[in-house]
Structure formats: structure tokens, C-alpha cells
Amino acid sequence: MSLGHCHPEVSAAFIDKISRYAHLSNYFLDEDCIYVADKLVSFSGKKGKVFFTNSGTEATEAALKAVKKISTACKNKIVFLKNGFHGRTLGALSVNGFENLTGQFMPLLGNTVCLNINDCEELDKYMLENAQNTAAMFVEPIQGSGGVLPLTREFAQKIEKYHKECRFLLISDEVQAGLGRTGKIYSYQNYPLDPDIITLAKSLGGGLPLGAAVFLEESGNILKDPDHGSTFAPNPVALAGARVITDKIPEVVEGVNEKSEYLKKKLEPLTCENIAEVRGMGLMLGAVMEKPVENLLKKGVDNFILLNLVRKSIIRLLPALNITFQQIDEMAEKLLIVLKE
Ligand SMILES: Cc1ncc(COP(=O)(O)O)c(C=O)c1O
């Protein structure tokens, strides 16, 4: 929720649209569809085309279908990273780096390769043998469910070097980290990365289900009518919210890094209270606990703070991007109380 719950302009846009129609036949183009698509493409500074979806996992599916369409008998490997998360459908699970989520559903799509995040040596070794066989690579520039773990600059540089040399499709999963959360509109813009496809969802629809696969430059020519489609996507009410979100994000993003520094400073005392490290970018921060705290989430709720734990010992903080400094004070105070208990 990049602008928090019930942002007055988002709510007004929902109400206005739903009082006219809640669904539109795909014989018609909703007025906000091209507007939002143009915005998403323009944020990249490139040309492109957008396929709207109802979720992040469906955006991954759209990207995967493009990858499958350009794959050949000799160029068909799809690389993803350990603890990377791109969704839970069978296609998306095939590039999901959580073994506990994928194991029961094997076999998934073939020709996928899981590499360790930030392991340059392993990437070099893999590319030495497979550079010409690789059709695509999926990355989250900052892993969310994987523990709020950013790519190192060196690793990102290597990915981009191989991407350019070997001409595979690079997919930047921006479902969680995109649309301003890391202090840039797209999280890959913190790195020397130049993706072909961007996937989005979560905050895009202002709380209603909406995702997108943004196909940049030539990748926009891969999927053609009738290669892919959806009855409900894009929902016009969600698009009305997305219009407000995409209008406001460029302004809101300007305050994100200042708020990030402020929040990190507030969390410094926590380093004495079982927190080993606060990592991440912008307003996507992870407080890494030295040891898991019993009943942490319940303690949070008792203190009116909703906490999210990833990988058992990392408190993932994803506040609204328009959070006020006063609200940050309140959030940090409560977090301190919960960790002291
Ligand atoms: C990085 C990332 N990609 C994809 C997804 C899947 O999105 P959805 O839950 O909307 O299908 C998620 C969901 O948590 C995510 O964090």
C-alpha cells in the first residue's frame, strides 16, 4: 500500500469508476488503461508495451510465456536466484527459489537453473558453460521474501555484462520493490541493470488486484494477439486507483530516502536489543534479529504494530511511502517496546 489505506484520492477514483462500471468487456479500452500503461513505460525512460494482470504471479506468467516463445532447442535455460520469489502458480514456482514451496510440486518447468544470490564466482562458472544456452534470468534487485536482501553492485554488474553479451531476456521483478519503495521508481534503477521485462503488482492498484508485465523495447514484439489474455485484467476500478498511484509516486519517491535514513536512525538503539543489522533500501528495510523472539507477531499486535517476519528472524518493514516522520517515531517506539518485552 504505497499511499496507505483509504487515501482519499484513491478511494474517490475507485468510487467514481465503480459507480459507472465494475467490469468492461475486452472489446473496449478503459480510459485509464493507456494512461497507466504509458506511465509505467515512461518510468523506465524507454519504449514499451504493457500486459496487465490481476496479480504478481500472473505478471511472472506473462514474462515466462514470452521467454518460452523465444526459446529454442539450444537456447532455453532460465536462471533464477535462491530465495527469489516470483509467485506461486506452477510456472512462477518453476523460478521460485524457496525449496519448501516448490518441492511438493515437482516436476515443474524444465531447463531452469537456480544460482546463489551475490555469488559472482558461481555466476561466472555457470556462464562459462551456458552463456549461449541461456534464454532468460529472473531477478529481484532486492529480495523481499528472501530476507530484504539487495543484490551487491558487483553481482548486478556481472548480470548486466552477461545479459548484454549473451542476449538473454532479463526480467526485473518489481512486484514488491517497485513503484518508489527503494527510493527509485523501479528498484533496478539503483543498479547498472537494464532489464527487458519488468513485473509489477502489489501497490499498483491502490489495494485492488492489479499487476503488469512491462515489455521494454524489442521484447514488446514477442507476445502478439492472441498469445495471452485475461477476462478480468485489467479491472477498470483497479486501473482508476493505479492512475492516482502512478500520478503521485514520482513526487512521493523524493521523500523516501530521507524517511529511510530517519527510520534507520530511530532503529539504531535496537542494535542493542537483539538486532544485528538493519538492511535494505528506501522504505524496504529488514531488521535482522540475532535470535528469533517468541510470539513476536502477537506482541506486536498487542502493542498495535503489525509486524511481518521473513525467514524466521528478519522483521520486514514496508511502511506506506507517504508515512509521516511522526508516524515513523511511533512505529520505532513500538518496535522497541516489543523487542524489549
Ligand atoms: C517479488 C514478488 N514477486 C511476485 C510475487 C507474487 O505476487 P502475487 O502474490 O500478487 O501473485 C510476490 C508476492 O509476494 C513478490 O513479493
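Please read these numbers as outputs of a predicted model, since none were measured by experiment. (Residues numbered from 1 in each chain as written. Predicted model: local features only at pLDDT ≥ 70, side-chain atom pairs only at ≥ 80, totals over all residues.)

J.: Can you lay out the sheet that holds strand 3 (residues 112-115) for me, pointing to particular residues and giving the numbers?
T.: As summarised here, the arrangement of the seven strands in space is 1-9-8-7-4-2-3, forming an open sheet in which the pairing is mixed. Of all strands in the sheet, those with a lone pairing partner are strand 1 (48-53) and strand 3, marking the two edges. Between one strand axis and the next, the sheet turns by 20 degrees as a mean value, whatever way the strands run. Bridging between strand 1 and strand 9 (residues 211-216) involves six bridges; their strand directions are antiparallel. (Pairing = 2+ DSSP bridges. Helix = DSSP H or I, 4+ residues; strand = E, 2+ residues; numbered from the N terminus. Axes fitted to C-alpha atoms, helices over the stretch in contact; angles between N-to-C directions.)

J.: Talk me through the site of the ligand; I want residue IDs and the actual numbers.
T.: Every one of the 13 residues lining the ligand counts as a neighbour, but S55, G56, T57, G87 and V175 are closest to it. Of the residues that constitute the shell around the ligand, the class distribution is three nonpolar, eight polar and two charged. (Near = placed C-beta within 6 Å. Nonpolar A, V, L, I, M, F, W, Y, C, P; charged D, E, K, R; others polar.)

J.: Account for unusual backbone geometry, with residues named and values stated.
T.: In this model, M106 is joined to P107 through a cis peptide bond whose omega is 0 degrees. Tracing the backbone through its elements, the reader meets P107 in the loop between helix 5 (99-102) and strand 3. A cis geometry characterises the amide bond from A233 onward to P234, with omega recorded as -5 degrees. Tracing the backbone through its elements, the reader meets P234 in the loop between strand 9 and helix 8 (236-252). In this structure, L179 takes a positive phi of about 60 degrees despite not being glycine. Its location among the elements puts L179 in the loop between strand 7 (169-173) and strand 8 (197-200). According to the C-beta neighbour criterion, L179 is buried, with 27 such atoms within 10 Å. In this structure, K202 takes a positive phi of about 35 degrees despite not being glycine. Along the chain, K202 turns up in the loop between strand 8 and strand 9. Given 22 C-beta atoms within 10 Å, K202 falls into the buried group. (Buried ≥ 20, exposed ≤ 12 C-beta atoms within 10 Å, placed from the backbone.)

J.: Could you give an account of the sheet that holds strand 12 (residues 309-310), naming the residues involved and the relevant values?
T.: Spatial strand order, 10-11-13-12: four strands in an open sheet with antiparallel pairing. Strands at the two margins of the open sheet, each flanked by one partner only, are strand 10 (275-281) and strand 12. Across the sheet, helix 9 (residues 256-267) touches strand 10 and strand 11 (284-289), and the angle it forms with strand 11 is around 15 degrees. (Contact = placed C-beta atoms within 7 Å.)

J.: I'd like a rundown of the environment of I315, residues and numbers included.
T.: Within the secondary structure layout, I315 lies in strand 13 (residues 314-317). Separated by 19 residues in sequence, I315 and L296 place their C-alpha atoms 9.6 Å apart.

J.: For the packing of helix 9 against helix 11 (residues 325-340), give the residues involved together with the corresponding values.
T.: Helix-helix packing is characterised by the crossing angle of the two axes and by the distance between the axes. The contact between helix 9 and helix 11 brings their axes to 10 Å, and the two run at 25 degrees. In terms of their interaxial angle, helix 9 and helix 11 are classed as roughly parallel. You can see that helix 9 and helix 11 cross each other, and the crossing is right-handed. The segment helix 9 lies against helix 11, with K259, Y262, L263, K266 and L267 engaging F325, I328, D329 and A332. Class assignment for the residues of the contact of helix 9 with helix 11 results in six nonpolar, no polar and three charged. (Parallel < 35°, antiparallel > 145°, perpendicular 65-115°, else oblique. Left-handed = near helix turned anticlockwise from the far one by under 90°.)

J.: Give a description of the packing of helix 6 (residues 120-130) against helix 7 (residues 153-166) that names residues and reports values.
T.: Here helix 6 crosses helix 7 at 15 degrees, and the two axes come no closer than 10 Å. Judged by the angle between their axes, helix 6 and helix 7 are roughly parallel. For the pair helix 6 and helix 7, the crossing hand works out as left-handed. Residues C120, L123 and M127 of helix 6 pack against E154, F155, K158 and Y162 of helix 7.

J.: Lay out the domain arrangement of the protein chain in plain terms, naming residues and giving numbers.
T.: Domain assignment breaks the protein chain into domain 1 (8-253) and domain 2 (254-340). Here domain 1 and domain 2 have C-alpha centroids that lie 27 Å from each other. With 14 residues of domain 1 in contact, the opposing surface of domain 2 contributes 19 residues. (Domains from an automatic or database assignment.)

J.: Describe the pairing of strand 10, and please don't skip the residues or the numbers.
T.: By the bridge criterion, six bridges tie strand 10 to strand 11 in an arrangement that is antiparallel. For V278, the partnering residue across the bridge sits in strand 11 and is A287. The antiparallel hairpin formed by strand 10 and strand 11 contains two residues in its connecting segment, where G282 sits at a positive phi of about 55 degrees.

J.: Can you break down helix 2 (residues 31-42) residue by residue, with the values?
T.: Taking 1.5 Å per residue as the helical rise, helix 2 with its twelve residues ought to reach 16 Å, and the 18 Å between its terminal C-alpha atoms agrees with that figure. Summarising the contacts, the buried residues of helix 2 are in contact with strand 1, strand 8, strand 9 and helix 8. (Expected span 1.5 Å × (residues − 1).)

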